[in-house]
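# Overview (structure and organization)
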Amino acid sequence: MKIIAFAATNHSKSINRQLVEYSASLLKNVQVEILDLNDYELPLYGQDKEEEIGHPQLAKDFLAKIAGSCGILIAFAEHNGSYTVAYKNIFDWCSRIEPKVFQNKPMVLLSTSPGSMGGTSVLATAVQSAPYFSGIVKASLAIPSFYDNFDSEKKILKHAELNEQLQDAVSHLDHLAHLK
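Figured I'd write up the structure that's included with this text.

### So, the overall build of the chain
The helix and strand tally for the chain stands at seven helices and seven strands. From first element to last, N terminus to C terminus, the chain shows the α and β order β-α-β-α-α-β-α-β-α-β-α-β-β-α. Since a compact globule built from 180 residues should have a radius of gyration of about 16 Å, the 16 Å found for the chain is in line with a globular shape. Counting only C-alpha atoms, the chain reaches 50 × 40 × 25 Å along its principal axes. At a minimum sequence separation of 6, the contacts of the chain that also span at least 24 residues come to 78%. In the structure as shown, the chain presents an accessible area of about 8900 Å², 48% of it carried by carbon and sulfur atoms. Looking at the chain, you have 16 positive and 20 negative side-chain charges, and the mean spots of the two groups are 5 Å apart.

### Description of the sheet that holds strand 1 (residues 2-7)
The five strands are arranged 2-1-3-4-5 in an open sheet whose pairing can be described as parallel. Two strands in the sheet have a free side with no partner beyond their single neighbour: strand 2 (31-35) and strand 5 (135-143). Neighbour to neighbour, the strand axes of the sheet diverge by 20° on average, direction disregarded. For strand 1 and strand 3 (residues 71-76), the ladder comprises five bridges, and the chain directions are parallel. For Ile3, the partnering residue across the bridge sits in strand 3 and is Gly71.

### Considering the packing of aromatic side chains
Per the counting criterion, the structure on display carries 13 aromatic pairs. Centroid distance Phe91 to Phe102: 5.9 Å. Interplanar angle 35°. Geometry classified as tilted. Of the two residues, Phe91 sits in helix 4 (residues 85-97) while Phe102 sits in the loop between helix 4 and strand 4 (105-112), which places them 11 residues apart along the sequence. Per residue, the accessibility class of Phe91 equals that of Phe102, and both read buried. Taking the centre distance of 5.5 Å and the plane angle of 80° together, the rings of Phe146 and Tyr147 count as edge-to-face. Judged by its relative accessible area of 52%, Tyr147 falls in the exposed class. Grouped by ring-pair contacts, the aromatic residues Phe6, Tyr40, Phe62, Phe76, Tyr83, Tyr87, Phe91, Phe102 and Phe133 constitute a single cluster.

Criteria and cut-off values
- Residues numbered from 1 in each chain as written.
- Predicted model: local features only at pLDDT ≥ 70, side-chain atom pairs only at ≥ 80, totals over all residues.
- Heavy atoms only, no water.
- Helix = DSSP H or I, 4+ residues; strand = E, 2+ residues; numbered from the N terminus.
- Rg over C-alpha atoms; globule rule 2.2 N^0.38 Å.
- Contact = heavy atoms within 4.5 Å.
- Areas by Shrake-Rupley, 256 points an atom, 1.4 Å probe, with all protein chains shown as cover.
- Lys, Arg positive; Asp, Glu negative; His and termini not counted.
- Charge placed at Lys NZ, Arg CZ, Asp CG, Glu CD.
- Pairing = 2+ DSSP bridges.
- Axes fitted to C-alpha atoms, helices over the stretch in contact; angles between N-to-C directions.
- Phe/Tyr/Trp six-rings, centres within 6.5 Å; stacked < 30°, edge-to-face > 60°.
- Buried < 20%, exposed > 50% of the residue type's maximum accessible area, 1.4 Å probe, protein only.

Here it is in structure tokens:
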């Protein structure tokens, strides 16, 4: 049983990357592969570009990672209330190859930000749109005020109630091991 996990950003020091890595460490019954969107850097999607180059192998590779998993864990960074360009670009390329991008996989969607809203705008967008792309959202959670609530040295959530909520959210993926 393998879960794929990634931060929906290409920022090397992303707080969402820290969040997804910590969340993945909470999963005990499944194997987790953490992907880095930098490994899937593609030309900016556009119909003219698609006609020119076809479907890039990296987009096909990303879809294959989804296909080979039993679930998906994503932490969304928020740029101006929406997806990062890095995530939106890989998603757009993948949706041109396979409109059911998430391939009926159970998903846990997270977000965080330095502010008190914790990326709730992008998270709401992701939760609403995932079913249209065959994603089965099992849980979602925004972690507010990342720097106040996360110990970057110990790599843990230090706020007990938030940590409990996060453990509950990711447990939806840990239970996948018992289904097969």
